[in-house]
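Chain by chain, the residues run as shown.
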Amino acid sequence: MTRNRAIFLIATATAIAGVVLLLAEQGPVWLRVLFGLPFVLLLPGHALMLLVDPSERLGRAEWFALSLGASISITIFAGMALATTTFGLNASGMILLLTLLTLALSFAARAKTSAELLEEAPPARRNPELRAVANTLVLMTCVLLVLMAMTSGVGADGRGSIVQLWGVPAKSGGVRIGANNINAPSDSYRVVIEQEGRLISQQEFNMPAGGSRVFEIKKTATFTTRSPITATLADLRGEVATRTVSVWMNR
Amino acid sequence: MAIPALFAALGVECVAIANSASRQTGADTQMMWWIGILSIFVPAAIALLFARVSRIEAISVLLTVGVALYLVKILFAPGMMWGYDELLHYRTLDSILRGHHLFTTNSLLRVSPFYPGLETVTAVIIQLTGLSPIQAAGLVIAATRLLTVTSLFLVFERLASPSRLAAVATLLYMACPSFLYFDAMYAYESLALPLAFACIFALRTAQREDGRLRRSLNGAGALLLLAVVVTHHVTSFILVGTLVVWSLAEFVRETRRESEQEGSQEAGGGLMRWRTRLRNLPGNGWVPLLGIVAVLGWLTTVAEITVAYLLPQLMSGVAELIRIIRHEGTSRKLFESTGGHGAAMLERVVGIGSVLAILLLIPLGMLYLRKRRPLSVLGALFTFGSLAYPATLALRFTKSGWQVGARLTAFIYAPLAFVMAAGIASFSTRKTRFPRLNALVITLVVALIFAGGIIAGTSPMTRQPAPYDPGITSVPYDAESFAAASWVAKTLPSEGRFAADSAEGALIGSVGRQWQLSSEDSVSVSALLLAPTVGDRERAIISQGRVGYVLADQRIIGTPPLKGFIYEKWERMEYDYGSSVGSETINKFDSLHEASRVFDSGNIQIFDLSRLLP
């Protein structure tokens, strides 16, 4: 492949990645990762390296280090520039900006490279171990990606039964009482809501792991603002200890 | 080079199994963890020291070890940010993602929003790929790990031509105490450091090239330098300082060479002379100058807060060192946590042995480099730079200065690893009657240095995950704490003024998006939370500090603070609670009539104190 084609390839890859990312802004994550990561971490720096070292006097390791470092740097400055505008740091703006920057660098590389050099193939750097290196890197990257995919979201040590009870003053004047079962196996609960020992409400309900319930207590004339409303959550199977909240209504 | 990769994979597996058992049951699986760690490092060291490896094979082995050690960090608590510093930067990242603008506020690390390089690149990846912040952060740090290893190898290669010496030096850099965990965390130094190495590599390569490639590489070096300036304060200071010293040394050497030439032959004109002098400077002189302007400009126009952030830490370390030299203060005990928890005897032996090995290798490496060939100016600077290591050892004896010394190791280990590799080369290239014994001794010394680095950089209590203990851990990585912080983020208004213990506070301040109160807000959190009852003084703290919420963690009750504190480092000056905090102290807000207990998840309760505010 001649240098001319190499530059053309980078420009085309950038344009395709840019269009795909713009069209798939709400699309599947795997597609956006496939195009987005090289678009941010590889292409801008590689385009810059085509401009810096058109005759490819530097080796592969040098190109890799400088491409990666330059890509990160270009992304930082492009992001900072976009964040200072009224649009702020947003996906569409960033895709357009990085596409334009990478294309501009590719065209600059094309313009600055002499005609003879453009039609010349870069020096062959075939290495018998290169395939093994690539395989190792790909393997390690796969392990990393699988680990990250497996562990998306909030990590946990998986111990204990986590059940939350909460209560906050409602904007309407009453209170909102809520219960969340994060991971407890028990799914039968009872909530008792009282004020000054006077029962306001009592409900038994099913709440499996991952489930939640909210109870709206509207302010009525029978409630007093002298003391808080208390709520107690009990696990009917007795596996989870009782939870209690006490909430003052808004004055 | 499949064998080191295979051992690295097995090592990662060992660490995963050891961590899993330790996390679930608190079982002592240190031995298995160490076997895993050494399986990653030792076979790679043997391959790089003694096997016939090509340059590209050496790089691949180094990348394998670098990535495998990064996986060890990931396996500590997969899928979450478990380091204290990571949560500080997570808060800045979260603010950028929600507000779409930079330079926001961060109560946990107020300087962080003014160095937004790391968070900007992560935010871009999140927005473009749809990955979660934790996944995107993990990928960014994985990329920086690849950049660290490759750039460092290339820098060393340009200082000493044989690839083997450069490879061994890069491997020895991985023995740096901060390499395993601290510099693998989602924190600004983790990105700035590899960018700085890449910058030095670009400028050193440019020095040896001509014409357009030289100019372009200087330009690439300048781009990397500017990226460092907006990413991390200390790294940018050290990088610019290195470039300035390097420039001055090049200038002095060129002037000396000219004066020598003047004696033997006719010298060129004045202008020509200056052109030659500038030509030999790194970045032709303009890149270091740009660095000075950029650092000062950023400090004075954007990140003015940096001086107020860094100066007290540095000054207290120096002052403490002076007090110790004058026999006026007590020194910090080595191999002992702030709370008085000591390391095992074997760890002490390995730790001291590794320091002794390093101290022995420094002069040997210097001699080897001196004998071998005339060094480049940067090579000579690296050689002298290794002498900074013994100086940082002195800081380890101070209570506040040891942290400064620990942070500096990431920078000092670059020249140190280079000189250590030269010291090892002086043995490995020597012809002996017992080559196998020689190889065994060298391998053991390299493994000793690596193990010593891990011992110096991690505490035995926090090296592996364990069931959450607020007296030990700086960040709670248990499900209940994360669920509580997530509830806070979802239910309570952002930037509510929160008082909590330091561990839960880090989570509430980052994942919970609240304003974690500290002495910087003129609020004594420890005075409020350690008082056994809520009296007039505590009410005054609440109203004057506008404390909106407090968090009470039942797990604090009866837990000895082995890390030295629960709330703030100086908490015992506010209230001496004996060996551990009592139940009446933690539960005192229950008896406070005006307080609303708005959240209860068993161990964690959150109280709304807004009725106490004027």
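Residues numbered from 1 in each chain as written. Chains lettered and ligands numbered in written order. Predicted model: local features only at pLDDT ≥ 70, side-chain atom pairs only at ≥ 80, totals over all residues. Heavy atoms only, no water.

Observations regarding the overall build of chain A
Inference 1: Along the backbone of chain A there are seven helices and seven strands.
Inference 2: Secondary structure elements of chain A, listed N to C terminal, follow the sequence α-α-α-α-α-α-α-β-β-β-β-β-β-β.
Inference 3: For chain A, the residues scored as buried account for 48% of the 251 residues in total.
Inference 4: At a minimum sequence separation of 6, the contacts of chain A that also span at least 24 residues come to 61%.
Inference 5: Carbon and sulfur atoms form 61% of the exposed surface of chain A, whose accessible area is close to 12200 Å². (Helix = DSSP H or I, 4+ residues; strand = E, 2+ residues; numbered from the N terminus. Buried < 20%, exposed > 50% of the residue type's maximum accessible area, 1.4 Å probe, protein only. Contact = heavy atoms within 4.5 Å. Areas by Shrake-Rupley, 256 points an atom, 1.4 Å probe, with all protein chains shown as cover.)

Quick notes on the pairing of strand 4 (residues 596–600) of chain B
Inference 1: The element strand 4 of chain B is extensively covered by neighbouring structure, given that five of its five residues are classed as buried.
Inference 2: As paired strands, strand 1 (residues 163–169) of chain A and strand 4 of chain B are joined by two bridges and run antiparallel to one another. What sits directly across from Leu165(A), in strand 4 of chain B, is Asp600(B).
Inference 3: The pairing of strand 4 of chain B with strand 5 (residues 604–608) of chain B spans four bridges and is antiparallel. The partner of Phe599(B) across the bridge, within strand 5 of chain B, is Ile606(B). (Pairing = 2+ DSSP bridges.)

A closer look at a nonpolar patch on the surface
All names here are of chain B.
Inference 1: Taken together, the side chains of Phe434, Leu437, Leu440, Val441 and Leu444 define a hydrophobic patch exposed on the protein surface, amounting to about 510 Å² of accessible area.
Inference 2: Looking at the element boundaries, Leu437 is found in helix 18 (residues 435–457).
Inference 3: Its relative accessible area of 51% is what places Leu437 among the exposed residues. (Patch = residues over 30% accessible without salt bridge, like charges linked within 9 Å, V, L, I, M, F, W, Y side chains within 5 Å. Salt bridge = Lys/Arg side-chain N within 4 Å of Asp/Glu carboxyl O.)

Some words on the packing of helix 3 (residues 55–76) of chain B against helix 7 (residues 163–173) of chain B
Residue and element names in this part refer to chain B.
Inference 1: Direction vectors running N to C along helix 3 and helix 7 enclose 5 degrees, while the axes themselves pass 10 Å from each other. In terms of axis orientation, helix 3 runs roughly parallel to helix 7. Here helix 3 contributes Arg55, Ala58, Leu62 and Val65 to the contact with helix 7, which in turn contributes Ser163, Ala167, Thr170 and Leu171.
Inference 2: Looking at the contact of helix 3 with helix 7 residue by residue, the classes come out as five nonpolar, two polar and one charged. (Axes fitted to C-alpha atoms, helices over the stretch in contact; angles between N-to-C directions. Parallel < 35°, antiparallel > 145°, perpendicular 65-115°, else oblique. Nonpolar A, V, L, I, M, F, W, Y, C, P; charged D, E, K, R; others polar.)

Quick notes on unusual backbone geometry
Residue and element names in this part refer to chain B.
Inference 1: One non-glycine residue, Phe103, adopts positive backbone phi at about 55 degrees.
Inference 2: Checked against the element boundaries, Phe103 lands in the loop between helix 4 (84–99) and helix 5 (117–129).
Inference 3: A positive phi angle, close to 60 degrees, is found at Glu495, a residue other than glycine.
Inference 4: According to the relative accessible area criterion, Glu495 is partly exposed, its value standing at 33%.

Quick word on the packing of aromatic side chains
Residues and elements named next belong to chain B.
Inference 1: As enumerated under the stated definition, the model contains 20 aromatic pairs over all chains in all.
Inference 2: An angle of 85 degrees between the planes, with centres 5.2 Å apart, marks the rings of Trp82 and Tyr181 as edge-to-face. You can see Trp82 sitting in the loop between helix 3 and helix 4 and its partner Tyr181 sitting in the loop between helix 7 and helix 8 (188–207), a full 99 residues away along the chain. No difference in accessibility class separates Trp82 from Tyr181, as the two residues are buried.
Inference 3: Residues Trp487 and Phe599 carry aromatic rings whose centres are separated by 4.7 Å and whose planes lie at 35 degrees to one another, so their mutual orientation is tilted. Here Trp487 is found in helix 19 (residues 479–491), whereas its partner Phe599 is found in strand 4, with 112 residues between them in sequence. Phe599 carries the same exposure label as Trp487, and that label is buried. (Phe/Tyr/Trp six-rings, centres within 6.5 Å; stacked < 30°, edge-to-face > 60°.)

Some thoughts on the confidence of the model for chain B
In regions of low pLDDT, the predicted coordinates are not meant to be interpreted in detail.
Inference 1: Residue-level pLDDT values for chain B average 89, and 94% of them are 70 or greater.
Inference 2: This complex was scored by the predictor with a pTM of 0.90 and an ipTM of 0.91. (pLDDT = per-residue confidence, 0-100.)

Considerations on helix 22 (residues 536–544) of chain B
Residues and elements named next belong to chain B.
Inference 1: Regarding helix 22, the residues found buried are Glu538, Ile541 and Ile542. For helix 22, the buried positions fall inside an angular range of 95 degrees around the axis, keeping them on one side. Opposite its buried face, helix 22 presents the exposed residues Asp536 and Gln544, each directed more than 90 degrees away.
Inference 2: Contacts from the buried residues of helix 22 go to helix 21 (525–530).
Inference 3: At the C-terminal side of helix 22, Arg546 shows a positive phi close to 50 degrees. (Arc of directions from axis to C-beta.)

A few points about the packing of helix 3 (residues 43–52) of chain A against helix 9 (residues 211–229) of chain B
Inference 1: Two elements in contact, helix 3 of chain A and helix 9 of chain B, have axes separated by 9 Å at closest approach and are oriented at 150 degrees. Considering the angle they form, helix 3 of chain A stands roughly antiparallel to helix 9 of chain B. For the pair helix 3 of chain A and helix 9 of chain B, the contacting residues are Leu48(A), Leu51(A) and Val52(A) in the first and Arg212(B), Leu213(B), Ser216(B), Leu217(B) and Leu223(B) in the second.
Inference 2: Here the residues of the contact of helix 3 of chain A with helix 9 of chain B sort into six nonpolar, one polar and one charged.

With respect to the interface of chain A and chain B
Inference 1: With 85 residues of chain A at the interface, the matching set in chain B holds 91 residues.
Inference 2: Of the roughly 7200 Å² buried between chain A and chain B, counting both surfaces, carbon and sulfur atoms make up 72%.
Inference 3: The tally of links from chain A across to chain B stands at three salt bridges.
Inference 4: Residues Arg57(A) and Glu209(B) are paired through a salt bridge, measuring 2.6 Å at the closest nitrogen-oxygen approach.
Inference 5: Here chain A and chain B share 21 residue pairs in polar contact (both at pLDDT 80 or more) between them.
Inference 6: Among the elements that make up the side of chain A that touches chain B, the one with the highest residue count is helix 4 (residues 60–83) of chain A (17 residues).
Inference 7: Of the residues assigned to the side of chain A that touches chain B, the class counts are 51 nonpolar, 23 polar and eleven charged. (Buried area = accessible area lost by both parts, 1.4 Å probe. Polar contact = N/O pair within 3.5 Å; in protein donor to acceptor, adjacent residues only side chain to side chain.)

So, the pattern of salt bridges
Inference 1: Under the defined criterion, the tally for this structure stands at 25 salt bridges over all chains.
Inference 2: The partner of Arg226(A) in a salt bridge is Glu196(A), and the shortest N-O contact between them spans 3.7 Å. On the criterion of sequence distance, the pair formed by Arg226(A) in the loop between strand 5 (212–217) and strand 6 (229–235) and Glu196(A) in the loop between strand 3 (188–195) and strand 4 (198–206) is long-range, its members being 30 residues apart.
Inference 3: Residue class for Arg226(A) comes out exposed when judged on its relative accessible area of 59%.
Inference 4: Across the salt bridge formed by Arg539(B) and Glu594(B), the nearest N and O atoms sit 3.2 Å from each other. With Arg539(B) in helix 22 and Glu594(B) in the loop between helix 24 (583–586) and strand 4, the pair connects residues that are 55 residues apart, well separated along the chain.
Inference 5: A single salt-bridge network, built from bridges that share partners, covers Glu62(A), Arg55(B), Glu157(B) and Arg158(B).

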